[in-house]
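Coordinate inspection notes
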Amino acid sequence: MALAVAVCAIATSTALRLTMLGARPKTAPHAGWLVFGGVVGGLGAWATHFIAMLAYDPGLATSFALSGTLGSLVIVVFAGAIAVLAAVHTPKPWNILAWGATFSAGVGAMHYIGMAALRVPGVMTWNPLAVSMSIAVGGLLAMSALWILEKAQTITRQFLCSAIMVMAICGLHFIGMMGLVISHDPTVAMPAEVLDHRLIAVQIVAVMGLLVLAGAATMWGESRAQNNALRLFRSVIDAMPQALAYFDAEHRLVLGNGAYRRELAGIGLVYEEGLTLREIMLTAATRGGGWAGWVEAGLERWADGPTTFDQETSDGRILRLESNRTDNGGSIVVFTDITDLTRQAEDLVVARDLSEAATRAKSSFLATMSHELRTPLNGVLGMAQAMAAHELSEPQRERLEVMQQSGKGLLLILNDVLDLAKIEAGKVELEIIEFDLAAAVAAPHSALAALAKEKGLYFDVSIDDAAQGTYRGDPARLRQIIYNLLANAVKFTLEGGVRVSIHRQGDVVEFVIADSGIGMTNEQVGRLFQRFVQADASTTRQFGGTGLGLAVSGDLTRLMGGAITVESTMGEGSRFTLTLPLQRLCDAGHAEPVRAAPAFDDLDLQILAAEDNATNRLVLKTLLEHAGVTPVIVEDGAQAVEAWAAGDWDVILMDVHMPVMDGVCATREIRRRELATSRPRTPIIAVTANAMAHHIEEYRMAGMDGHVSKPIDLALLLAAIDTALADAPALAMEA
């Protein structure tokens, strides 16, 4: 019995290896290896059966019929091949059932046909239960073996699969034999054409020889598969553009691809397995000057485990060396030529620096030009305000209004240019304060109402009750965005009108500006928020404009965390939707009331002003005289400090950019002297074209109490003076 089990184990292991060879290509399994594996398995089952039968001793003379013996061999060989093909080609999980059914049927048929070939002087009877159990046990064990193998084809699972198949074959045989009963009957004659035991033994030896050949074929097949895999692996790594090498645990070269061999040739080494890493690196350091001093550091990095570093070679190339350890202590080393990537990265850095420098230069130029243009514009608008206070004829007043509107239009363009410079330089800052939403929208609406009326357009604003109230945000930027959207709508609307509706959902406020203007195509809408671009080039001649307003509005909206969407139809109009996240604080009516512009006619105010530009000095003097105040004006910060020291002043109006001493330094000097002499604190107001948030903070830190932007608006100037005078006692106590 032991021999039968041993033969069965050898046969099942060999059959399993052959089958795995055939099933290895997942896309197209090799049918020849699969059939060969099934045949070997069938031969093993047949040999197991008849070796066990040679050892079987019923106490009577036994022999075997030739036909039945050969028939059982043919059946099990075919059944084995069919069972393996069914296991591989039947879709999962039905392949397990197909395998079990085919196996139990084939091996069972072989067993019981072989037993039918047994000749004894007696009568053989079978226990149906034992027969059924033998078939069932064989099939279930065979299915279990395949299920275990499919989970993972590890060595352990392969061994377990073979062991279970031995149990399936032997179990089917020996359980079946338990159900056999032979009753001696002298009347039963032995047939003449039977096989004696010696011939059966010869057949078994022949089958075992086939099994040996099958084992040799298995080893040859696996060796060939491994060689093919190795050749494929070598061809793959040789095709790699990176140099790749494998070193064993002792840092000896085991394998290198074509690129690595070329690297070795470049330093004068012939590729040879067994070269040590130290030899290679020392040769590189000796013959390639760029590698000197790298050897010991490289070896230390290799000893520490996975490493990556870059090294420039003597021929100017830059190699990236990456090393990773394998499970057996060896190292995979990859050399990648990153020269082009490094040069491109350096070029990109240079290009980025040049681009940033150009942007800074452009932004600085735009800011400087904007600042310088405000000086003559301050003269135009300032004198226009002064002239408006006089009695004028109707034609004169109409001309003056044209001057004022033109000046304000130019101021808006300058503000857009300056905002563009700030946005590109990343210096736009939001001033988050409390404001009334209706008042913020009313300002741009009022500014454009006259133009809409002149064109015969309706110009409506509606604010939902839920949207009314006081919010926290940047009202100046909100007014700027709303103004640009409204100005755009009024400009391009020839008949009909413009309607503004405002809604709120949670902390998001939606402003919808709908017009009945000329409309746009989808292509034009796509270009709408590009800088210096209008929807149609022809509109520049017909409607005018710089193409900056909407671009700046889009940038400011994104800075505030919102978005602008556009829907438009040619000839029917456009719909701009502005959404902004704004925190609502309270209902309408709770905002701090706007203080009316003060009048100083009855007050004998002593105002000192520092301004280096003659035009701005004249504008400032003229505007203040209209308010009943005659200022004393000096030309730089040093003169302002001397004048302050020589007199008593209610307010100082301080320009920032001045020769000799600027306004910020002059303010610091005045505050220093006040502290040193315990002199009462004099309110100082910055009057400047620079009014960004960080500028205002700088002025405040220097000791200024407020600011007014140029071009000067008289109402805003008087309001700033009034606020400074009202806050002066409290600030004096804090000082």
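Preceding this section is the structure that the text describes.
Residues numbered from 1 in each chain as written. Predicted model: local features only at pLDDT ≥ 70, side-chain atom pairs only at ≥ 80, totals over all residues. Heavy atoms only, no water.

This part covers the sheet that holds strand E12 (residues 458-463). Paired through their backbone hydrogen bonds, the strands of a sheet run either parallel or antiparallel. With mixed pairing, five strands are arranged side by side in an open sheet as E12-E14-E15-E17-E16. With one partner strand each, in any of the chains shown, E12 and strand E16 (563-569) form the two edges of the open sheet. In this sheet, neighbouring strand axes are inclined to one another by 10° on average, regardless of whether the strands run parallel or antiparallel. Sheet analysis places E12 next to strand E14 (residues 497-505), joined by six bridges and oriented parallel. Among the inter-strand pairings, Tyr-458 is bridged to a residue of E14, identified as Gly-497. Contacts from helix H13 (residues 437-454) reach E12, E14 and strand E15 (508-515) within the one sheet, and its direction differs from that of E12 by about 175°. The strands that helix H14 (residues 475-491) touches are E12, E14, E15 and strand E17 (573-581); relative to E17, the one it contacts most, it runs at about 175°. (Pairing = 2+ DSSP bridges. Helix = DSSP H or I, 4+ residues; strand = E, 2+ residues; numbered from the N terminus. Axes fitted to C-alpha atoms, helices over the stretch in contact; angles between N-to-C directions. Contact = heavy atoms within 4.5 Å.)

A few words now on a nonpolar patch on the surface. Together, Val-74, Phe-78 and Ile-82 make up an exposed nonpolar region whose accessible area comes to about 310 Å². Within the secondary structure, Val-74 sits in helix H3 (residues 66-89). Relative accessible area serves as the criterion here: at 45%, Val-74 is assigned to the partly exposed category. (Patch = residues over 30% accessible without salt bridge, like charges linked within 9 Å, V, L, I, M, F, W, Y side chains within 5 Å. Areas by Shrake-Rupley, 256 points an atom, 1.4 Å probe, with all protein chains shown as cover. Salt bridge = Lys/Arg side-chain N within 4 Å of Asp/Glu carboxyl O. Buried < 20%, exposed > 50% of the residue type's maximum accessible area, 1.4 Å probe, protein only.)

Counted under the stated rule, the structure contains two cavities of 30 Å³ or more. Of the volumes computed, that of the largest cavity is approximately 50 Å³. Along the walls of the largest cavity sit Asn-378, Ala-610, Glu-611, Asn-616, Leu-620, Leu-653, Met-654, Asp-655, Val-687, Lys-710 and Ile-712, which together make up its complete lining. Along the lines of polarity and charge, the residues of the lining of the largest cavity split into six nonpolar, two polar and three charged. In this structure, the second largest cavity occupies an estimated 40 Å³ of space. Taken together, Ala-45, Thr-48, His-49, Val-107, Met-110, His-111, Ile-169, Leu-172 and His-173 make up the full set of residues lining the second largest cavity. Mapped by element, the contributors of at least two residues to the lining of the second largest cavity are helix H2 (31-54), helix H4 (94-116) and helix H6 (155-178). A breakdown of the residues in the lining of the second largest cavity according to their chemical character gives five nonpolar, four polar and no charged. (1 Å grid on protein atoms, 1.4 Å probe; cavity = no way out; pocket = protein on both sides within 12 Å on 5 of 7 lines; lining within 4 Å. Points joined across faces, edges and corners; volume = space filled by probe spheres on them. Nonpolar A, V, L, I, M, F, W, Y, C, P; charged D, E, K, R; others polar.)

Take helix H19 (residues 637-646) next. Inspection of H19 places Gly-637, Ala-638, Ala-640, Val-641, Ala-643 and Trp-644 among the buried residues, and these make up the whole buried set. For H19, the N-terminal capping position is held by Asp-636, with its side-chain oxygen 3.0 Å away from the main-chain nitrogen of Ala-638. (Polar contact = N/O pair within 3.5 Å; in protein donor to acceptor, adjacent residues only side chain to side chain.)

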